[in-house]
Every structure is written in C-alpha cells, then in structure tokens.
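Report on the structure
Here are the chains, one letter per residue:
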Amino acid sequence: MPWRGAWLRAQITGLVFSSVVWLIVAGLSLPAAALALMLGAGLLAGRNTRAGLWWRFGARPATGFERDQVLAATVPISSLRGRHQPRIWIGRRLTWIEAIMPTGKDLVVSRSLVGRVISGQLDALQVSALVCHALGQQPVNSSVLVAAVDAYCVPWAAVEIVVGACSRVAVWTPLLSVSWKIRWIVFAVAIIDNALASRWNALIAVTIIAILSGTTPAFRARWRTTLRGLGDERATADGFGPTLAAMIRTGRRIPDLERAAALTPSANRPHPAGTTIGRWGKTR
C-alpha cells in the first residue's frame, strides 16, 4: 500500500529505541521478555474485542437511541448502508479526533460528536464527512502490521509521553527551549571528540542519535500528512470534499485553508470578493 513507506519511516526511531530496550530486558531476564511477548500477543489478538476497544478508546456500546441517531446521520455514505452498517461505539478517551474505524464493521465516535448530532449542531452531511474521513483511514487503523509495531514500540511510546510533557513545560522555560535548539552543537562536539579519540562505537551511536533527532520530526509530520490525506481522498471520492472543506475553513490557519482548497473542486471554490467568473472561466 502507498502509505506504508511514510508510515515505516515514521517508526524508525521507535523501532531502534524499543529494540535496544527489549535486548536489555532479554539480557537481564528471559522470563520477563517472554512474559512481555505473550502480553503483547494477547493485546494484539484482542485489540478489536469489546475489552480491547475499551482499553484503546474507553469505548462502550452506544445505546439504542445514540446508535439510531449516528446511523441516521451517516445515511449519505452509501458504503455504510443496509447490511454494511457498522457497530457504533462511544469513545470516552477519543479526544484527539471525532471518529475512528478500527475495523470495517466498528465505528467509534467521540462523546462530543454524539452530543452535537443529537442536539442538531451537525447535519447529516457534516457527520458523514467526518465519518467518511475515518473510513479512509480505516486500512491503517485495522492493519495487523501497524498494531504489531505499536505493541513492539511501547517503550518508545512511554518516552514520547514524557517528551510531550517536557515540551509543554519548555514553552514556559526558555532555558530548555534553547538547550534543544543548540543540540546540533553538542552532537558536533561529541562526534569530533569520539573521532579524534578513536572511540568508534560511541561515534556510531552519537551519529545515529543525531540523525534520528533531525529526521524523526520530519518523518512524523510527513506521516501525519499522509494519514490525513487518506481520509481527505476518501471524503473527496464520496462527494463530501466541499462539506469537509467548509468545516476546515473555520480554523483560518493557512495550512487548513490550503487543505480546504484541495478538497474543493475548482468550480466550487469561493472567489475573492468583488470578482466574478467570466464566460471562459476567467476572473474579472
């Protein structure tokens, strides 16, 4: 699949770091490593069960009323009608997105989305655009390979949580922010010092860390763009591009506006105030 290259590059740092951790664990205690392997296999096998969805998203089955409201709002999506209607789950911990499809038959939606559907704040086209976007990302979210790598990279995930917390603190601590920006000077000094002292193992390790420090943010950003693009492509293919674009434009950020423009067919794009479309498609 075309998305796997971008996804794999984004996992390089996690795979390298987690491999080192698992080698150390195996060296210290083989039973502990075997227990971790069995636990990971169990979580992988049960990731889409009721218990697994609760563990991942805090999901519970929707009540009959909630299910009917959500399904009624997704009627415009032809691929989710009739026998193809998904099971509806309400994700208590689904705060970063509105909807996700971990399988082709399960749709997890956030509590805020359900509330806006029931209160009429979102119409059927808007809800369908969000769900269709999740449907486009479903091949990634249901991939066994992606789930296996996520389970393997649990040590790196723990590090990312700590780094994320430190990053939020760094915003209010100029010293930490400056320390991160001058890391290249530290890496350069360490590389030169190890090379002059012929410490080749240390030189290789520092060089790898320096490369990963520079490439990981770029690879992660590219993967986020690729993943978002999968949802946008599906929304556009199913005819919900203009609706999704109208929802995105409320952000007023340049990247959001650029994304909205890509979702909107040229004939339907808004034109600057005071311009009209001439007979031959030219503005005047």
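**Concerning the pairing of strand β4 (residues 106–110)**
The buried fraction of β4 is high, at five of five residues. Residues Asp106, Val108 and Ser110 point to one face of β4 and Leu107 and Val109 to the other, with burial holding for every one of them. The pairing of strand β3 (residues 99–103) with β4 spans three bridges and is classified as antiparallel. Residue pairing in the sheet places Ile100 in a bridge with Val108 of β4.

**Points about the pairing of strand β2 (residues 87–91)**
The side chains of a regular strand alternate, first on one face of the sheet and then on the other. Here β2 lies mainly inside the structure; four of its five residues are buried. Relative to β2, strand β1 (residues 59–61) is paired through three bridges, and the arrangement is antiparallel. Bridge assignment links Ala59 to a residue of β2, and that residue is Gly91. In this sheet, β4 lies alongside β2 in parallel orientation, the contact comprising five bridges. Paired with Arg87 across the bridge in β4 is Asp106.

**Things to note about the packing of helix α12 (residues 183–196) against helix α13 (residues 200–237)**
Two elements in contact, α12 and α13, have axes whose closest approach is 8 Å; the angle formed by their N-to-C orientations is 160°. On the basis of the axis angle, α12 is roughly antiparallel to α13. The handedness of the crossing between α12 and α13 comes out as left-handed. In this structure, α12 contributes Arg183, Trp184, Phe187, Ala190, Ile191, Asn194 and Ala195 to the contact, and α13 contributes Trp200, Ala202, Leu203, Val206, Thr207, Ile209, Ala210, Ser213 and Gly214. For the contact of α12 with α13, a count of residues per class yields 11 nonpolar, four polar and one charged.

What counts, and where the lines are drawn
Residues numbered from 1 in each chain as written. Predicted model: local features only at pLDDT ≥ 70, side-chain atom pairs only at ≥ 80, totals over all residues. Heavy atoms only, no water. Buried < 20%, exposed > 50% of the residue type's maximum accessible area, 1.4 Å probe, protein only. Helix = DSSP H or I, 4+ residues; strand = E, 2+ residues; numbered from the N terminus. Pairing = 2+ DSSP bridges. Axes fitted to C-alpha atoms, helices over the stretch in contact; angles between N-to-C directions. Parallel < 35°, antiparallel > 145°, perpendicular 65-115°, else oblique. Left-handed = near helix turned anticlockwise from the far one by under 90°. Contact = heavy atoms within 4.5 Å. Nonpolar A, V, L, I, M, F, W, Y, C, P; charged D, E, K, R; others polar.

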